[in-house]
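What the coordinates show
Each chain is listed here by its residues.
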Amino acid sequence: MLKIFDEIPRNLLNVLFPVFCNGCSNLLLKNENVICTKCLHNLPLTHHHTITETEIDKAFYGLVPFEFAASFLYFTKKGISQNLIHNLKYKNRQEIGTFLGNLYADELKNLEIFQEIDFIIPVPLHTKRFHERGYNQVTTFCKAIEKNLTIPMLEDVLLKTKNLKSVTDKSKESRLENNKNVFSIENQGKIEGKHVLIIDDVFTTGATIEACAKEILKIKNTKISILTMAYSQS
Ligand SMILES: [Zn+2]
């Protein structure tokens, strides 16, 4: 009897303040969090960390030396991962980053390479963009990786010094990110001789991460690895 009374307020709360799945917009059940069970089972996982030569490996050979590269999800247009990234990036649903970071950290925790990584560096936003959005969309994901894999995050080393307009055209992105000094390094002593994990939201052409990697690799004896929430195949 007592249990029934216990349940009523929660169900009532669900009616008054419904919470929706960030993957498919269906109503979440009270035991579901961030995404529904169906979306959780249908996440388009890349399994990159179990593959010898991933799409990112192929894209980066010859461009920059790196130790390890992986994305958690395939970025599927109009699919769950696009909805998740959109809600995280534009709707202030920062809990999505925490949720994905926790899931991914669980997959990665037994990989030896993560014993060798010294710091996490998120791909930064330009100050102007940061103030417009109010947050960097990769921060909560990075914090979840930081916490679960006990690798400290540095947010005062890599800075975005040029504010580019949001670019969807791949060739344009590539040209802009590669040819201009978009990123710069401060406090370089912190990463001298260190292995740095660069984390971004979506790997599209790789131009953004390449630009970040090239700046970091200018610092003496640094090594880099790469992690992103999603990989876009288009
Ligand atoms: Zn769903």
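Above this text you will find the structure in question.
Residues numbered from 1 in each chain as written. Predicted model: local features only at pLDDT ≥ 70, side-chain atom pairs only at ≥ 80, totals over all residues. Heavy atoms only, no water.

Points about the overall build of the chain
Looking only at helices and strands, one finds 10 helices and six strands in the chain. Counting all 234 residues of the chain, 47% fall into the buried class. A total accessible area of about 12,700 Å² is found for the chain, and carbon and sulfur atoms account for 51% of it. (Helix = DSSP H or I, 4+ residues; strand = E, 2+ residues; numbered from the N terminus. Buried < 20%, exposed > 50% of the residue type's maximum accessible area, 1.4 Å probe, protein only. Areas by Shrake-Rupley, 256 points an atom, 1.4 Å probe, with all protein chains shown as cover.)

Some remarks on helix α8 (residues 139–149)
Among the residues making up α8, those that are buried are T139, T140, F141, C142, A144, I145 and L149. Here the buried face of α8 lies against α4 (80–90), α5 (95–108), α6 (113–116), β2 (119–122), β5 (195–203) and β6 (223–232). (Contact = heavy atoms within 4.5 Å.)

Observations concerning the sheet that holds β2
Strand order in the open sheet made by the four strands is β1-β6-β5-β2, with parallel pairing throughout. The two strands at the open ends of the sheet, each matched to only one other strand, are β1 (69–75) and β2. Pairwise comparison of adjacent strand axes, ignoring direction, gives a mean angle of 20° for this sheet. Where β5 meets β6, eight bridges bridge the pair, whose relative direction is parallel. Opposite I198, over in β6, you have I226 as the bridge partner. (Pairing = 2+ DSSP bridges. Axes fitted to C-alpha atoms, helices over the stretch in contact; angles between N-to-C directions.)

Some words on the coordination of the zinc ion
Protein coordination at the zinc ion comes from C21 (SG), C24 (SG), C36 (SG) and C39 (SG), with a distance range of 2.3 Å. Between consecutive donors of the zinc ion, the numbers of intervening residues give the motif C-x2-C-x11-C-x2-C. A residue is classified by how much of its surface remains accessible, and C24, at 30% relative accessible area, is partly exposed. (Donors = N, O, S within 2.8 Å, 3.2 Å for Na, K, Ca; no water.)

Remarks on the packing of aromatic side chains
Applying the stated criterion to the full structure yields seven aromatic pairs. Taken together, a centroid distance of 5.6 Å and an interplanar angle of 75° make the contact between F68 and F114 edge-to-face. Of the two residues, F68 sits in the loop between α3 (55–60) and β1 while F114 sits in helix α6, which places them 46 residues apart along the sequence. Considering the side-chain rings of F203 and Y231, the 5.5 Å spacing of their centres and the 25° angle between planes classify their relative orientation as stacked. With F203 in strand β5 and Y231 in strand β6, this pair connects stretches of sequence that are 28 residues apart. Under the relative-accessibility criterion, Y231 is labelled buried at 11%. (Phe/Tyr/Trp six-rings, centres within 6.5 Å; stacked < 30°, edge-to-face > 60°.)

Brief notes about the pairing of β5
The buried count for β5 comes to nine of nine residues, which makes it a mostly enclosed element. For β2 and β5, the ladder comprises four bridges, and the chain directions are parallel. Bridge pairing in β5 links F119 to V196. In the classification by handedness, the crossover that spans β5, the intervening helix α10 (residues 207–216) and the parallel β6 is right-handed. (Right-handed = clockwise from strand over helix to strand, strands pointing away.)

Things to note about unusual backbone geometry
Notably, V34 is not glycine yet its phi reads approximately 70°, a positive angle. Tracing the sequence through the fold places V34 in the loop between α1 (2–16) and α2 (37–41). The phi dihedral of K78 is positive, around 60°, even though this residue is not glycine. Checked against the element boundaries, K78 lands in the loop between β1 and α4.

Structural notes on the layout of surface pockets
Computed from the structure, the second largest pocket encloses a volume of approximately 270 Å³. Broken down by secondary-structure element, the contributors of at least two residues to the lining of the second largest pocket are β2, α7 (127–133) and β3 (158–160). Top element by residues in the lining of the second largest pocket is β3. It accounts for three residues. (1 Å grid on protein atoms, 1.4 Å probe; cavity = no way out; pocket = protein on both sides within 12 Å on 5 of 7 lines; lining within 4 Å. Points joined across faces, edges and corners; volume = space filled by probe spheres on them.)

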